[in-house]
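# Structural characterization, general
For reference, the chains in residue letters:
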Amino acid sequence: MCGIIGYIGIDHVEKYLIEGLKKMEYRGYDSAGICVKDDYLDVVKKSGGIANLEKALLDRKFSGNTGIGHTRWATHGAPNDLNAHPHLSFQSDIAVVHNGIIENYATLKRFLLEKGVRFSSQTDSEVLAHLIESFYTGNLEEAVSKALQNVDGTYGLAVLHRHENKIIAARKGSPLILGIGDSMMMVASDAVPLLDHTNKVIYLEDNDLAVLTRNQYDIMKINGRKVRREIEEIQWNISQIEKRGFKHFMLKEIYEQPEAMRNTLRGRIKGDTIKLSVNFDAEKLNRIVITACGTSWHSALIGKYFMEEILQLPVEVDYASEFRYRTTALAKDDLFIVISQSGETADTLAALRKAKSLGCQTLGIVNVVGSSIARETESGIYLHAGPEIGVASTKAFLCQITSLMLLALAIQQAKGKTISSRMINELEILPEKIQEIIANEKQLRVLAYRLQNATNFLYLGRGVNFPVALEGALKLKEISTIHAEGYPAAEMKHGPIALIDASMPVVFIAPEGKILTKILSNMEEVKARQGQILTITDSQNPKLQELSDHIFMVPKTLEIFTPFLTTVPLQILAYYIADMKGINVDKPRNLAKSVTVE
Ligand code: AGP
């Protein structure tokens, strides 16, 4: 997820651009850049945060009052100066800033290379600058319209031409908002950077294209048909909007999960075929080893259940910190997978380097593009979840298990086996089911209120929901400082049952399934010791209803897919318990977003 901004007016433009980018840095901070339209397009762009860009601008003077800017969350191409936006066209007549993913950029790039265009970056976005230029015959909006009709994917973009005093803005799948001012117009990825200058905005809709001049705006569909869009007045203040009205980034990221999961899936399922470019020899694959830390280790455990069920292959999961010091027997035909949201966790990186020294094939499942782990693995799957700011991982976890499911299906396909279209169809509608859960968050707020004073929690699950029990316990303990343990439900009898009394909430993750009756026995054992039971389930089983003190229902899905749904209420429960305890959920005690130390 990146932040883009544009200004056309009567003032010097750079202050609008820089201040605006600063207010969108939470959308991405890999690199930043601006383009000011003088008698040429003057571009300054730097890797790193906005502060690096400001240093580069110290000795620069601009006279223009039209410009665009960008702060990047890398999706294609490492976060360096060359890959930073704005991108210039081959003749340097056009500048583009883009937020989104151009799925057919490789095809477009080949077409442009054959026309003699030379590229300067590894990004998909640069294609847009050259493509628009290839259609330009004197009218910028026409050229942008023709170019976008050849693009598959998502975009929020702003475009300048060195000889035209206007900004063209267009969106499909990535947000874009116009700011309507006096003798000035702005465009931005969200409302934050506009609020200093106007509270009159227009939310562009998918396939809208806007032409902005100093005193006027025109909006049309990309096929040229003019449309009218209402001007709305924003009531929020800036501090709220940075989190788009959410009190914490963690809650915002929980809410973003349906869209984040769609972004992970986007372009990777075509009909009943998985389109995942991972270069390892699936035919010879005998064993899979997955290492990670924390929440990513929990997603690895879920991946184990996915792969063993779908591939009938042995899958070993290990803490990265343990793997790196263990004497291990890795064969060159093993597939070694590392999972890391940040791509910089020291133990996970060390485990990867050890595996590479043992000669086996490596694959990274990473969110941060161009991170160390992304660069050092032979192949990989980017989550495309957008920046995850909250220390407690939520949307990244969901996108990690999405990626693991896609990988399992891709390996099954590479082995010449047919993929179940029922699984594919269900996978694609899971985001809507997650949305249903989020819509019922009020019930979880009530549960959080009732359980917030407990000092110990036990989370119990079986099978593919055992790692969900671990993840639910980690979410609670890392942000609320309440002690919580996750266990396989059957293991309760081998120790933890000694802890159970009326003051200890026991959270059962108990969806309908082949082992529900076994979980009901565990619930009986807890009930017999006055334990309080909260059950996360999709089952109307009368015994389950009778034994549970609190129930939160999730939509039904295939049993193997239940973690996609059972995890979400546990994230929300942990969030509200911590928030009710007055804790800064985004910066919990003693924790950092990325543990780059051993
Ligand atoms: C999870 O909520 C924690 N923030 C932590 O356990 C995290 O998952 C772990 O440090 C691994 O981080 P990574 O995914 O960036 O490697």
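These remarks concern the structure in this document. (Residues numbered from 1 in each chain as written. Predicted model: local features only at pLDDT ≥ 70, side-chain atom pairs only at ≥ 80, totals over all residues. Heavy atoms only, no water.)

## Here we look at the overall build of the protein
A tally of regular secondary structure across the protein gives 19 helices and 26 strands. In terms of overall dimensions, the protein is globule-like: its C-alpha atoms have a radius of gyration of 25 Å, near the 25 Å expected for 598 residues. In terms of principal-axis extent, the alpha carbons of the protein reach across some 80 × 55 × 45 Å. Put simply, 71% of the contacts in the protein that link residues at least 6 apart link residues at least 24 apart. A total of about 22,600 Å² of accessible surface is found on the protein, and carbon and sulfur atoms cover 49% of it. (Helix = DSSP H or I, 4+ residues; strand = E, 2+ residues; numbered from the N terminus. Rg over C-alpha atoms; globule rule 2.2 N^0.38 Å. Contact = heavy atoms within 4.5 Å. Areas by Shrake-Rupley, 256 points an atom, 1.4 Å probe, with all protein chains shown as cover.)

## Re the nonpolar core
Judged by nonpolar contacts, the single largest core of 95 residues is most densely connected at Ile 288, Ile 337, Met 405, Leu 427, Phe 457, Tyr 459 and Phe 564. Sort the elements by how many residues they give to this core and helix H13 (residues 395-414) lands first, with 13 residues. Not counting chain neighbours up to four residues away, the residues in contact with Phe 564 comprise Met 261, Phe 306, Leu 398, Ile 401, Thr 402, Met 405, Leu 427, Leu 430 and Ile 434. Core analysis: the next-biggest nonpolar cluster, separate from the first, contains 27 residues, Leu 128, Ala 129, Leu 209 and Val 211 among them. (Core = buried A, V, L, I, M, F, W, Y, C linked by side-chain atoms within 4.5 Å. Buried < 20%, exposed > 50% of the residue type's maximum accessible area, 1.4 Å probe, protein only.)

## With respect to the site of the ligand
Neighbouring residues of the ligand: 15 residues in total, closest Ser 296, Ser 340, Ser 342, Thr 345 and Glu 478. A distance of 2.6 Å separates an oxygen atom of the ligand from a polar atom in the side chain of Ser 296. A distance of 2.7 Å is found between an oxygen atom of the ligand and a side-chain nitrogen or oxygen belonging to Ser 340. Among the secondary structure elements, those contributing two or more residues to the shell around the ligand are helix H9 (294-311) and helix H16 (466-480). Along the lines of polarity and charge, the residues of the shell around the ligand split into five nonpolar, eight polar and two charged. (Near = heavy atom within 4 Å. Polar contact = N/O pair within 3.5 Å; in protein donor to acceptor, adjacent residues only side chain to side chain. Nonpolar A, V, L, I, M, F, W, Y, C, P; charged D, E, K, R; others polar.)

## Focus: the sheet that holds strand E5 (residues 87-88)
Read across the open sheet, the six strands follow the order E5-E6-E7-E8-E12-E13; overall the sheet is antiparallel. For this open sheet the edge positions go to E5 and strand E13 (217-221), each flanked by a neighbour on one side alone. Helix H4 (residues 126-135) rests against E5, strand E6 (94-99) and strand E7 (155-161) of the sheet, and its axis sits at about 140 degrees to E6. Taken strand by strand, helix H5 (residues 140-148) contacts E6, E7, strand E8 (164-172) and strand E12 (208-212), and its axis lies near 25 degrees from that of E8. (Pairing = 2+ DSSP bridges. Axes fitted to C-alpha atoms, helices over the stretch in contact; angles between N-to-C directions.)

## So, the pattern of salt bridges
Going through the model one piece at a time under the given rule, you end up with 37 salt bridges. Ionic pairing is found between Asp 93 and Arg 162, a salt bridge with its closest N-O pair at 3.4 Å. One end of the pair, Asp 93, is in the loop between E5 and E6; the other, Arg 162, is in the loop between E7 and E8, with 69 residues separating them in the sequence. Here Glu 259 makes a salt bridge to Arg 266, at a shortest N to O gap of 3.8 Å. The exposure class assigned to Glu 259 is partly exposed, which follows from its relative accessible area of 34%. (Salt bridge = Lys/Arg side-chain N within 4 Å of Asp/Glu carboxyl O.)

## Things to note about the side chain of Thr 562
Tracing the backbone shows Thr 562 in helix H19 (residues 562-580). At 2.7 Å, the side chain of Thr 562 forms a polar contact with the backbone oxygen of Glu 559.

## Some details on the packing of H9 against H13
Contact geometry of H9 with H13 gives a least axis separation of 9 Å together with a crossing angle of 25 degrees. On the basis of their axis angle, the class for H9 and H13 is roughly parallel. The interaxial crossing formed by H9 with H13 has right-handed handedness. Of H13, the residues touching H9 (which contributes Thr 295, Ser 296, His 298, Ser 299, Ala 300, Ile 302, Gly 303, Phe 306, Met 307, Ile 310 and Leu 311) are Phe 397, Gln 400, Ile 401, Leu 404, Met 405, Leu 407, Ala 408, Leu 409, Ile 411 and Gln 412. Taken together, the residues that form the contact of H9 with H13 break down as 14 nonpolar, seven polar and no charged. (Parallel < 35°, antiparallel > 145°, perpendicular 65-115°, else oblique. Left-handed = near helix turned anticlockwise from the far one by under 90°.)

## Concerning the side chain of Asp 208
As for its position among the elements, Asp 208 is in strand E12. Within the structure, the side chain of Asp 208 is placed 2.7 Å from the side chain of Lys 221, a separation counted as a polar contact. There is a polar contact of 2.7 Å between the side chain of Asp 208 and the side chain of Arg 229. Excluding residues that lie within four positions of it along the chain, Asp 208 makes contacts with Ala 169, Ala 170, Arg 171, Ile 219, Met 220, Lys 221, Ile 222, Val 227 and Arg 229.

## Some thoughts on the packing of aromatic side chains
Tallied over the entire structure, the rule returns eight aromatic pairs. Look at Phe 246 and Tyr 255: their rings are 4.8 Å apart centre to centre, the planes differ by 55 degrees, and that puts the pair in the tilted class. Ring plane angle 85 degrees and centroid distance 5.8 Å describe the contact between Phe 561 and Phe 564, whose orientation is recorded as edge-to-face. The buried category is assigned to Phe 561, whose relative accessible area is 0%. Feature note: the residues Phe 306, Phe 561 and Phe 564 constitute an aromatic cluster, connected by ring pairs. Stacked on the ring of Phe 119, the Lys or Arg Lys 109 has its end atom at 4.8 Å from the ring centre. Cation over ring: Lys 354 sits above Phe 323, and NZ or CZ is 5.1 Å from the ring centre. (Phe/Tyr/Trp six-rings, centres within 6.5 Å; stacked < 30°, edge-to-face > 60°. Lys NZ or Arg CZ within 6 Å of the ring centre and 35° of its normal.)

## A look at the sheet that holds strand E9 (residues 177-180)
Strands sit in the order E3-E2-E4-E1-E10-E9-E11-E14 across an open sheet of eight strands; the sheet is antiparallel. At either margin of the open sheet sits one strand with a lone partner, and together these are strand E3 (41-47) and strand E14 (232-233). Here strand E2 (residues 31-37) pairs with strand E4 (residues 66-72) via six bridges, running antiparallel. Its bridge partner being in E4, Ile 34 is matched across the sheet by Gly 69. Those strands touched by helix H1 (residues 14-22) are strand E1 (3-8), E2, E4 and strand E10 (185-188), and its axis lies near 160 degrees from that of E1.

Such coordinate-based values are descriptive only and should not be taken to indicate function.
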